[in-house]
There are 2 protein chains.
Amino acid sequence: MPEGQPLSIPDDGLTTKQRRNRPLVMVHTGDGKGKSTAAFGLALRGWNQGWNIGVFQFVKSAKWKIGEESVFKRLDELHTETGEGGPVEWHKMGSGWSWSRKGGSEEDHAADAREGWLEIKRRINAEEHDLYLLDEFTYPINWGWIDIDDVVDTFANRPGQQHIIATGRRADPKLMEVADLVTEMAKIKHPMDAGQKGQRGIEW
Amino acid sequence: MPEGQPLSIPDDGLTTKQRRNRPLVMVHTGDGKGKSTAAFGLALRGWNQGWNIGVFQFVKSAKWKIGEESVFKRLDELHTETGEGGPVEWHKMGSGWSWSRKGGSEEDHAADAREGWLEIKRRINAEEHDLYLLDEFTYPINWGWIDIDDVVDTFANRPGQQHIIATGRRADPKLMEVADLVTEMAKIKHPMDAGQKGQRGIEW
């Protein structure tokens, strides 16, 4: 929520309205909880504005059935049935991307991650979504599977009004540099520290 | 998401299952974005599990039309129509709490905040919801409108399986002490620093 006025007005030749509606690159990083959860919360706002949303889940999340996926699939159906909100596409890397014909190449996560990134890049260049939610995207970058310079170049030069939000620990400095908004979720206290495991509804 | 195993197994006489399902008090604090957004994302997970959700918005948010409110009202209707998910009640302080018969007492925010807290306390003691989302709850506490000791006592001694999540900057140390999970959302970079104002879909 807007919590104040801008600290300074830049000399960028844009009107306030143009600047306000400038599409954003957002990063949620840090060791604490809430990185993905806040990203999905943002997608919920976008859905309500009628945005076309593309969710791309990298790495482990892909294998898990998470609550958000059920709800967003339901919201996508609602959009189709009644015109409320916007369309939502949900893709995950776990057992092969849904647009791909190659079944799950469980052995080659790096190739899967790269294939996912190439499809996202293609969509960004074709202006297919209003919001791209790249969940756990920092990991394949940090493992060297996806080229950070290609990511930065694609984000920085994307056409039109496309927002991007990427989540994951230890975001690459170049990713934070290209981002307009970076939030670090820091763990102050977590029930696992007191011997409690994750539970339904809270963790997934 | 579960990102590891507990660091230690406590000697509390509980089984792993009992400990896993222990209801949580969660706090999202810090100066960064994502505190409320992550809380609403969590409520989305809870809805998907069929939880009965009560949202209570304190302070300024109450006057704003936020995207989450529209979506959760729609999800509540879906629950009523089809039995999917759980019921959602949404209350905000802005122009008088919805359960209250006194119209908006715009002049006395402190009394409004206290009235809100007393109703929440009543509901907690009566076990009315599975998840209480207390948005911007730290402010009325910090301004001395709501007694932190009463809050801590109510949270610590609540009956049954009730989860609570509170958001807002500068959480009182006693609130963090009673919480099981505390995440600090720290601002690393924000577009307002570059002269950009909030925009539809991102900030509300």
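Note that the structure is a prediction, hence the values are computed from the model and not measured.

The rules behind each value
- Sequence order as written defines the numbering, with residues in each chain counted from 1.
- Chain A is the first chain written and ligand 1 is the first ligand written, with later ones labelled in order.
- Per-residue local features are limited, in this predicted model, to residues with pLDDT of at least 70; the limit for side-chain atom pairs, both in listing and counting, is 80 or more; totals at the level of whole chains, interfaces and linings are taken over all residues.
- What counts as a helix is a DSSP run of H or I of at least four residues, what counts as a strand is a run of E of at least two, and both are numbered from the N terminus.
- Neighbour density around each residue's C-beta defines its exposure: 20 or more other C-beta atoms within 10 Å make it buried, 12 or fewer make it exposed, and counts between make it partly exposed, where C-beta atoms are placed from the backbone.
- Here the contact rule is simple: place C-beta atoms from the backbone, and any two residues whose C-beta atoms are within 7 Å are in contact.
- By definition, two strands form a pair when at least two bridges between them are found by DSSP.
- For helices, the fitted axis covers only the stretch in contact; all axes are lines through C-alpha atoms, and the angles between them, taken along N-to-C directions, range from 0 to 180 degrees.
- Oblique is the label for every angle not falling under 35 degrees (roughly parallel), over 145 degrees (roughly antiparallel), or within 65 to 115 degrees (roughly perpendicular).
- Residues are sorted three ways: Asp, Glu, Lys and Arg are charged, Ala, Val, Leu, Ile, Met, Phe, Trp, Tyr, Cys and Pro are nonpolar, and all the rest, Gly among them, are polar.
- Core membership is restricted to buried Ala, Val, Leu, Ile, Met, Phe, Trp, Tyr and Cys residues, and these are joined into a nonpolar core through C-beta atoms within 7 Å.
- To estimate how far a helix should reach, multiply one less than its number of residues by 1.5 Å.
- Here the arc refers to the set of directions running from the helix axis out to each C-beta atom.
- Predictor confidence is given residue by residue as pLDDT, running from a minimum of 0 to a maximum of 100.

Comments concerning the overall build of chain A
Secondary structure assignment for chain A yields seven helices and six strands. Element order for chain A, N to C, with α for helix and β for strand: α-β-α-β-α-β-α-β-α-α-β-α-β. A burial count over chain A gives 43% of its 204 residues as buried. The contacts of chain A with a sequence gap of at least 6 include a subset with a gap of at least 24, amounting to 76%.

What to know about the sheet that holds strand β5 (residues 163-167) of chain A
Within the open sheet, the twelve strands sit side by side as β3(A)-β2(A)-β4(A)-β5(A)-β1(A)-β6(A)-β6(B)-β1(B)-β5(B)-β4(B)-β2(B)-β3(B). Their pairing is mixed. Each edge of the sheet is formed by a strand with only one pairing partner; in this case those strands are β3 (88-92) of chain A together with β3 (88-92) of chain B. Each strand axis lies, on average, 15 degrees off the axis of its neighbour in the sheet, ignoring direction. Direction of pairing for strand β2 (residues 53-57) of chain B relative to β3(B): parallel, over a ladder of five bridges.

Focus: the packing of helix α2 (residues 35-48) of chain A against helix α3 (residues 67-82) of chain B
Between two packed helices, both the angle of their axes relative to each other and the distance between the axes serve to describe the pair. The interhelical angle for the contact between α2(A) and α3(B), taken along N-to-C directions, is 80 degrees, at an axis separation of 8 Å. One element, α2(A), and the other, α3(B), form an angle in the roughly perpendicular class. Only G67(B), E68(B), S70(B) and V71(B) of α3(B) make contact with α2(A), whose side of the interface consists of L44(A), R45(A), W47(A) and N48(A). Class assignment of the residues belonging to the contact of α2(A) with α3(B) gives a composition of three nonpolar, three polar and two charged.

A few points about the nonpolar core
Residues A43(A), L133(A), L134(A), A43(B), L133(B) and L134(B) are the most contacted members of the largest nonpolar core, which totals 86 residues. Residue contacts for A43(A): discarding those within four places in its chain leaves I53(A), V55(A), L131(A) and L133(A).

A look at the pairing of β5(A)
All names here are of chain A. Burial runs high along β5: five of the five residues are buried. By the alternation rule, side chains of β5 split into H163, I165 and T167 and I164 and A166, which are all buried. Pairing geometry for strand β4 (residues 131-135) and β5, over four bridges, is parallel. Bridging across to β5, L134 finds its partner in A166.

Side note on unusual backbone geometry
Of note in this structure, E136(A) is not a glycine but carries a positive phi near 65 degrees. Here E136(A) lies in the loop between β4 and α5 (138-142). The phi dihedral of R170(B) is positive, around 45 degrees, even though this residue is not glycine.

Things to note about the environment of D180(A)
All names here are of chain A. Assignment of secondary structure puts D180 in the loop between α7 (173-178) and β6 (181-189). Look at D180 and you get buried, because 20 C-beta atoms sit within 10 Å. Expressed as a C-alpha distance, the spacing of D180 and P23, which sit 157 residues apart in the sequence, is 9.1 Å.

A few points about helix α4 (residues 109-125) of chain A
Turn by turn, an α-helix covers 3.6 residues, leaving residues three or four places apart pointing in a common direction. Residues and elements named next belong to chain A. Between its first and last C-alpha, α4 extends 24 Å over 17 residues, near the 24 Å set by a 1.5 Å rise per residue. Among all positions of α4, only D112, A113, G116, W117, I120 and I124 are buried. Buried positions in α4, seen along its axis, are confined to an arc of 135 degrees and lie on one side of it. The exposed residues of α4 that point more than 90 degrees off its buried face are A111, L118 and R122. In this fold, the buried residues of α4 make contact with β2 (53-57), β4, α5 and α6 (148-156). At the exit of α4 stands E127, carrying a positive phi of roughly 55 degrees.

Considerations on the pairing of β4(A)
All names here are of chain A. β4 sits mainly inside the fold: five of its five residues count as buried. Side chains of β4 alternate between two faces, with L131, L133 and D135 and Y132 and L134 buried alike. Note: β2 against β4, five bridges, orientation parallel. In the sheet register, G54 faces β4, and the bridge partner there is Y132.

Topic: the environment of P173(A)
All names here are of chain A. Secondary-structure assignment places P173 in helix α7. Assessed through the 9 C-beta atoms surrounding it within 10 Å, P173 is described here as exposed. Sequence separation between P173 and R158 is 15 residues; the distance between their C-alpha atoms is 20 Å.

Here's the deal with the confidence of the model for chain A
Residue and element names in this part refer to chain A. Chain-level statistics for chain A give a pLDDT mean of 85 and a share of 79% at 70 or above. When mean pLDDT is compared element by element in chain A, α6 scores highest at 98, while helix α1 (residues 16-20) scores lowest at 64. On the interface metric, ipTM, the complex scores 0.75, and its pTM is 0.81.

Considerations on the environment of R74(A)
Structurally, the position occupied by R74(A) is in helix α3 (residues 67-82). Expressed as a C-alpha distance, the spacing of R74(A) and V88(A), which sit 14 residues apart in the sequence, is 9.3 Å.

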